[in-house]
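Structural overview for review
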Amino acid sequence: MMYRSTFRFLLCTAFLLSAFFSQPALGQPKPAASGTILQGLKKLNVVGTVLYVAAHPDDENTQMLAYLANERLLRTGYLALTRGDGGQNLIGPEQGEYIGVIRTQELLAARRIDGPEQFFSRAYDFGFSKSTDEAVKTWGQDQVLGDVVWMIRKYRPDVIITRFPPDSRAGHGHHSASGYLAEEAFKIANDPTKYPEQLNWVKPWQPKRIFWNVFIPGAFMSNKKPDEPGVIAVETGLYNPLLGKSYGEIAAESRSQHKSQGFGVPASRGVKIDYLLLKGGDPAPNDPFDNIDLSWKRIPGSDRVQQLINQAIAEYKPERPAASVPVLIQTHKALSQLDTANIYVRTKRQEVEALIQQCLGLWFETNPADYAAAPGERLRVSTNVVNRSELPVKLIGLQMPGLDKDTVTNLTLKPNDVNVFTTSIIIPANQPISQPYWLEKPVQKGLFQVNEQTLIGLPENPPAFSTLYTFDIAGEKFTFSRGWSYKATDPVDGEIYRPFVIQPTVMANLAERVYVFADNNPKTVEVVLRAGRDQVSGNLKLEVPAGWRVEPAQLSFNFKEKAQEARVSFRVFPSATYSEGRLRAMVSLGSTEKPVYANSLRIVAYKHIPTQTVFPAAEAKLVKLDIKVKSKTIGYIAGAGDEVPAALQQIGCQVTPIGPREINAGLAGYDAIVVGVRAYNTEDWLRYYQPKLMEYVKNGGRMIVQYVTPGGSFIQNGLKVNQIGPYPFTVGRERVTEEDAKMTFLKPEHPLVNTPNKITEKDFNGWVQERGIYYAQEWDKAYQPIFSAHDTNEAEKQGSLIYCQYGKGHFMYTGLVFFRELPAGVPGAYRLFANMISVGK
């Protein structure tokens, strides 16, 4: 059985079709109920902004955010320094930048529930960090501090709130760095000599004050006021009758969007006190916004605006929201007479425009016939417009890319009458492909490379294409812009939206991320070619390093239809010496075009987020290494998603997924059983089959358990068994985060470091992100620790790999991050793992 289809993203057409079906994207704003509209009207009267700052997705206090956005009615933003790229993935195999893509969308899903806006810096989540200094050094302090200053100047908050303190109490170097950078940015954002290049787009800005939203586990869990001076209490557990929920209920729904981290939480109801500690700026004895004018008085000449907003609130009819449109139009006109360069005026104009659409029930969208199109392709698009009110509305015109003039003029929209307009456009031949802007260039250690200043901070790309809709609403002209989105109907989930993207003319997906050669024999490299549009022909070849060889030199392709696929094969011959390099696919279109490096197709599809389409470089790592493997038949118990099985296949192992059925059938035919990461946290059935696994070991088998999380107040999934191994041991939170930390061999004569491969210090060169996580902490005397290592200025830790003999067999627990190292093609990780599955054979 080929394990690749279970543990890795698939390349075949069936996957590409099924991956489409995900939850609705933001193609169309969610219609607003009458209570929500009234909430929006009241928000017009609040002229103030707050920015919340932390390090990762799921760090934010969703209850505080819900309270600020929906009770205080402030314009509220959350700046996460990273996209969570270094986190583990509880729901699938994605790691690195792809788990960052998932967690970006999970944050956006959370914000759609609790109300604030979402922002990011360019910092890359490189994994657990133990100090502020390490974090800011890896990211580049000047760059990431500049990003925080940029967001302060752009968003212009009255108050900044951090989630973490700038010291070790934060528990993670990224956490403490977020507090440190926020406090430093607070001090310099108003200084025009700092980051002067930003002043081409923004002006210096000084927030009134900065708080730490005190996060001390004892005080946080018990709602007791921390024993520190300058702390003010904020009741965030209030109930909002217009929304029909408390902020604790909203917060739980929001936080539960972090599904890749297993952060589903129950709703809280009743009193909840949050605490804010002043860290800089003017004193605030009673309220975080003491002595900050949050009314229209802060905007010169706005008396008329204030009067109209009060009128709209007083006269609002929940059963007839459209009756509020005339006064909202007057409000919009009054705002247009103020200084439109003022950020509050601009923001309130946008809020009024959204309220006009909501009150009218005005629906408009443009849907292309496919979720993706290639440059030069002709594409059919459909536009739907519906006015669901009795108020007179005319559609004056539609403007979209590829059309020289409006497609309609002066069309009266009859109440609840669906108006459909279809046309076709040609995608410009020079249209860039869609790519998350932060992934267009390789990460440079700790920082995404984003050169365009105005993109910094955005959670995702602006739409690939948009339509401008111009309406006459009760005699006044309004123009609204909305991005295109693909729409279809799923028989289970109903109406489904998906972002529209521009894709390459042809895509090339390599079957593996890494090709490992244990000898001089060639390997077959399969490539799935996929047409991005009709009538595509050309040639494909593979570029390899000097000393390597490919047969044939190139292959031709000729696709008649869009989405047509072809699976082709090359034979790659390794170099005579041990070496590493890159294999890259190159395509040339037609008979004359020069070859260019190809892009692959990667679809990230889960029910709780919009489907994401990424086009990474079509390349793989090549590794020729000195390795021997004695165990060939491996049973694999899948955990929370990893690519270790595909890596084991690369070194000649036959890997079979096993579960209750296979265990009941008997395990004697397996040389080794490998348990995937977190399996003992996620698989309930293991508690019933643990005795049979231990019996397998006792009878002469080999069992390797990759890391588990120990459970606790912030981990939702505890262990499914009382004892993982044949003898007791506990797992703690110890880890070694320095990927180049020296590994000391505690038992240099042990078979694990000698047979069949001699393991030396060189085998720990080139490891990525970290050495290990969730080490064994205490263990029975039957276990032997194999290595010790430590981060700078810390004590030695010996729990990265423990071994014991049990009966005739062998049991191992490891916190070494093989789930990262093997897919990354780290030679020494392969050699050590080969010893582990072969021990005693």
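Only a predicted model underlies this, so the values are computations on that prediction, with no experimental measurement involved. (Residues numbered from 1 in each chain as written. Predicted model: local features only at pLDDT ≥ 70, side-chain atom pairs only at ≥ 80, totals over all residues. Heavy atoms only, no water.)

1. Some thoughts on the overall build of the protein chain
Of the regular secondary structure elements, the protein chain holds 19 helices and 43 strands. Taking 28 Å as the expected radius of gyration for a compact globule of 841 residues, we find that the protein chain reaches 29 Å, a close match to that expectation. Referenced to the eigenvectors of the C-alpha coordinate spread, the extents of the protein chain come out at roughly 85 × 75 × 55 Å. Taking the intrachain contacts of the protein chain between residues at least 6 apart in sequence as the baseline, contacts between residues at least 24 apart amount to 75%. Counting only carbon and sulfur atoms, one obtains 50% of the accessible surface of the protein chain, whose full area is about 33,700 Å². (Helix = DSSP H or I, 4+ residues; strand = E, 2+ residues; numbered from the N terminus. Rg over C-alpha atoms; globule rule 2.2 N^0.38 Å. Contact = heavy atoms within 4.5 Å. Areas by Shrake-Rupley, 256 points an atom, 1.4 Å probe, with all protein chains shown as cover.)

2. Structural notes on the pairing of strand β32 (residues 619–624)
β32 sits mainly inside the fold: five of its six residues count as buried. The sheet contact formed by strand β22 (residues 514–517) and β32 spans four bridges and is parallel. Note on β32: the bridge partner recorded for Val516 is Val623. Sheet analysis places strand β28 (residues 579–589) next to β32, joined by six bridges and oriented antiparallel. Across the sheet, residue Arg584 finds its bridge partner in β32, namely Glu619. (Buried < 20%, exposed > 50% of the residue type's maximum accessible area, 1.4 Å probe, protein only. Pairing = 2+ DSSP bridges.)

3. A short note on the confidence of the model for the protein chain
When the pLDDT values of the protein chain are averaged, the result is 92; 94% of them are 70 or greater. Here residues 1–27 scores under 50 on pLDDT; set against residues more than four positions off or in separate chains, the count is 83 contacts. Segment residues 217–222: pLDDT under 50, and five contacts once partners within four positions in sequence are set aside and those in other chains are kept. (pLDDT = per-residue confidence, 0-100.)

4. Looking at the environment of Leu542
Of note, Leu542 is situated in strand β24 (residues 536–543). For Leu542, a relative accessible area of 7% gives the class buried. As for Leu542 and Ala189, which are separated by 353 residues in sequence, their C-alpha atoms are 49 Å apart. Look past the residues within four positions of Leu542 in its chain and what remains in contact with it is Leu510, Val525, Val527, Val550, Phe570, Val572, Leu583, Arg584 and Ala585.

5. Some remarks on unusual backbone geometry
Here Glu551 and Pro552 are connected by a cis peptide whose omega angle stands at -10°. Looking along the chain, the bond that leaves Thr755 and enters Pro756 is cis, with omega of -5°. Even without glycine at this site, Lys445 takes up a positive phi of about 60°. Turning to its location among the elements, Lys445 is positioned in the loop between β15 (419–426) and β16 (466–473). Relative accessible area serves as the criterion here: at 65%, Lys445 is assigned to the exposed category. In this model, Gln535 sits at a positive phi of 55°, which is unusual for a non-glycine residue. For Gln535, the location among the structural elements is in the loop between β23 (523–531) and β24.

6. Brief notes about the environment of Asp404
For Asp404, the location among the structural elements is in the loop between β13 (393–399) and β14 (411–412). Note on Asp404: relative accessible area 84%, which makes it exposed. Sequence separation between Asp404 and Asp58 is 346 residues; the distance between their C-alpha atoms is 46 Å.

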